[in-house]
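Listed here are the chains, written in short residue letters.
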Amino acid sequence: MKKVKLFYNPFSGNKTFKFDLDVCIGVFQSAGYEVHPFRTMQPGDIETHVAQMDKDYDIVVASGGDGTVNIVLNALMHNNLKIPLGIIPSGTANDFATYLGLKTGDSEGACRVMTETSPRNVDIGLVNGETYFINVCAGGLLTNVSQTVDKDVKNALGNLSYYLKGMEQIPNFHKIPFRITTSDEVLEEDLYLYMIMNSAGTGSFTKLSPEASISDGKFEFIGIRAKSILEIPSVFLKMLTGEHIKDEKSILYRRDHYFKIECLDPDFQIMESTVDGEMGPKMPFTLEVLPKAYPIYGNFEKKKHVSRETPLAKLNAVVKNGK
């Protein structure tokens with residue numbers, strides 16, 4: 001019988017995945033799979049379990065947010081396992097799953113994607129030769145938003161909490177000098193923050209990199225140039241629609257398979273990067289793209305039909321319509 005290893009984070013999002021667990025097991029069993037669930041309870045237990053588990057699983061499933069997916073991916077890669085990975089989006093921000101066409105809260109649908117379709121090999125990122133990521137590596141100001149949002153607020157407001165926390169920090173913005181080295185140029189720029197993207201979105205901004213592809217062997221570098229604080233809200237609004245890419249005065253945009261990131265201000269307090277929302281290596285670091293390096297399940301045929309409306313846009317629509 002075919003086997004599924006299901007890792008789930010009971011603390012992700014609104015903590016309701018436990019009510020979907022039986023449904024998920026039923027979908028897999030009906031398709032001829034034996035399901036072995038693992039409930040993560042503390043940092044490091046997924047890595048320990050992957051190192052010790054049987055290697056003959058047909059599918060590994062990560063239920064949680066982007067951070068849970070990142071932890072499972074790193075555990076698999078560090079143990080030289082290329083078992084197809086499926087995602088059940090049950091976190092607060094499920095950016096990569098959204099790009100894959102998977103709907104948050106639809107656990108049954110995500111499981112059916114795994115039982116009814118075939119995985120595709122997608123690009124993944126490698127930082128300093130040891131830390132893998134599947135969606136985004138970021139640094140600079142706002143890097144620690146996902147770690148500083150109160151959990152109760154995050155559960156109550158969902159993705160909107162990230163917008164509110166980010167706007168709260170704008171008065172503290174100051175320019176940071178960076179050196180960005182790609183495969184063919186060296187740039188020195190004053191930025192507020194940068195994101196190196198595999199998919200189109202992060203932090204629930206779903207159109208940060210509108211032309212992104214997860215199988216083209218390149219990532220998109222998006223840096224917000226240091227400008228007047230008064231101009232920042234308009235840049236953020238453009239980021240909601242994807243129009244920021246055309247704004248060369250505000251945005252530094254590059255596509256490449258290699259990046260080296262250095263912060264030229266030794267007194268900058270946030271030297272850590274984040275990888276898929278988890279704390280990553282400190283600057284300076286190097287990043288390379290591993291082309292089509294891991295098999296992932298996704299709703300690829302229907303992805304283009306998935307709504308990209310952001311929580312903020314939905315909130316504005318509700319206010320406008322008076323509903």
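Residues numbered from 1 in each chain as written. Predicted model: local features only at pLDDT ≥ 70, side-chain atom pairs only at ≥ 80, totals over all residues. Heavy atoms only, no water.

Participant: Hey, could you run me through the overall build of the protein chain in this one?
Facilitator: Across its full length, the protein chain carries 10 helices and 15 strands. Counting all 323 residues of the protein chain, 54% fall into the buried class. Considering only contacts within the protein chain whose residues lie at least 6 apart along the sequence, 77% involve residues at least 24 apart. For the protein chain, the computed accessible surface area is about 14,900 Å², with 50% contributed by carbon and sulfur atoms. (Helix = DSSP H or I, 4+ residues; strand = E, 2+ residues; numbered from the N terminus. Buried < 20%, exposed > 50% of the residue type's maximum accessible area, 1.4 Å probe, protein only. Contact = heavy atoms within 4.5 Å. Areas by Shrake-Rupley, 256 points an atom, 1.4 Å probe, with all protein chains shown as cover.)

Participant: Any chance you could explain the nonpolar core here in plain terms?
Facilitator: One broad rule of soluble globular proteins: the nonpolar side chains tend to lie buried together. Ranked by size, the top nonpolar core spans 52 residues in total, and within it Met53, Leu76, Leu85, Ile88 and Tyr294 carry the most contacts. With six residues, helix α3 (residues 66–78) is the largest single contributor of residues to this core. Leu85 has contacts with Val60, Ala62, Val69, Val72, Leu76, Tyr294, Pro295, Ile296 and Tyr297, leaving out every residue within four places of it along the chain. Core analysis: the next-biggest nonpolar cluster, separate from the first, contains 41 residues, Phe205, Ile224, Val235 and Val289 among them. (Core = buried A, V, L, I, M, F, W, Y, C linked by side-chain atoms within 4.5 Å.)

Participant: Before we go on, may I ask you to explain the environment of Gly67 in this structure?
Facilitator: Relative to the elements of secondary structure, Gly67 occurs in helix α3. With relative accessibility at 13%, the residue Gly67 sits in the buried group. Here the alpha-carbon distance between Gly67 and Asn9, two residues 58 residues apart in the chain, equals 9.9 Å. Once you skip the residues sitting within four places of it in the chain, Gly67 turns out to touch Asp276 and Glu278.

Participant: Would you take a moment to explain the pattern of salt bridges for this structure?
Facilitator: If charged atoms from side chains of opposite charge come close, those side chains can pair. Within this structure, the stated rule accounts for 12 salt bridges. Of the charged contacts in the structure, one is a salt bridge between Arg179 and Glu262, with a shortest N-O distance of 3.3 Å. In this pair, Arg179 sits in strand β8 (residues 176–181) while Glu262 sits in strand β12 (residues 258–263), placing the two residues 83 residues apart along the sequence. Beyond isolated ion pairs, a larger network of salt bridges with shared partners links Lys3, Asp54 and Asp56. (Salt bridge = Lys/Arg side-chain N within 4 Å of Asp/Glu carboxyl O.)

Participant: Where do I start with the state of the cysteines in this structure?
Facilitator: In a disulfide, the sulfur atoms of two cysteines are held together by a covalent bond. Enumeration over the complete set of coordinates arrives at zero disulfides. As a non-bridged cysteine, Cys24 has Cys111 as the owner of its nearest cysteine sulfur, 3.4 Å distant. By relative accessible area, Cys24 is classed as buried at 0%. (Disulfide = S-S within 2.5 Å.)

Participant: Please explain the packing of aromatic side chains as it appears in this structure.
Facilitator: The description of an aromatic ring pair rests on the distance of the ring centres and on the angle between the ring planes. Across all of its chains, the model carries seven aromatic pairs by this definition. Taken together, a centroid distance of 5.6 Å and an interplanar angle of 65 degrees make the contact between Phe7 and Phe38 edge-to-face. Here Phe7 is found in strand β1 (residues 2–8), whereas its partner Phe38 is found in strand β2 (residues 33–39), with 31 residues between them in sequence. Accessibility expressed as a relative area gives 1% for Phe7, which makes it buried. For Phe38, a relative accessible area of 16% puts it in the buried group. Measuring from centroid to centroid gives 5.8 Å for Tyr194 and Phe221, while their planes differ by 10 degrees, and the two rings are stacked. Separated by 27 residues along the polypeptide, Tyr194 in strand β9 (residues 186–197) and Phe221 in strand β10 (residues 219–225) bring together distant segments of the chain. Using a relative accessible area of 1% as the deciding quantity, one classes Tyr194 as buried. Using a relative accessible area of 1% as the deciding quantity, one classes Phe221 as buried. (Phe/Tyr/Trp six-rings, centres within 6.5 Å; stacked < 30°, edge-to-face > 60°.)

Participant: Hey, could you run me through helix α9 (residues 232–241) in this one?
Facilitator: Each turn of an α-helix holds 3.6 residues, which means side chains three or four residues apart point in the same direction. Every buried residue of α9 is listed here: Ile232, Val235, Phe236, Met239 and Leu240. For α9, the angular spread of buried residues about the axis comes to 150 degrees, placing them on one side. Downstream of α9 by a residue or two, Gly242 has a phi angle that is positive, lying close to 90 degrees. (Arc of directions from axis to C-beta.)

Participant: Would you take a moment to explain the packing of helix α2 (residues 45–52) against α3 for this structure?
Facilitator: Packed helices, taken two at a time, are described by the angle their axes make and the gap between the axes. In contact at an axis separation of 9 Å, α2 and α3 are set at 35 degrees when each is read in the N-to-C sense. α3 is crossed by α2, and the crossing has right-handed handedness. Counted together, Ile46, Glu47 and Val50 of α2 and Ile71, Val72, Ala75 and Leu76 of α3 form the full contact between these two elements. Grouping the constituent residues of the contact of α2 with α3 by class yields six nonpolar, no polar and one charged. (Axes fitted to C-alpha atoms, helices over the stretch in contact; angles between N-to-C directions. Left-handed = near helix turned anticlockwise from the far one by under 90°. Nonpolar A, V, L, I, M, F, W, Y, C, P; charged D, E, K, R; others polar.)

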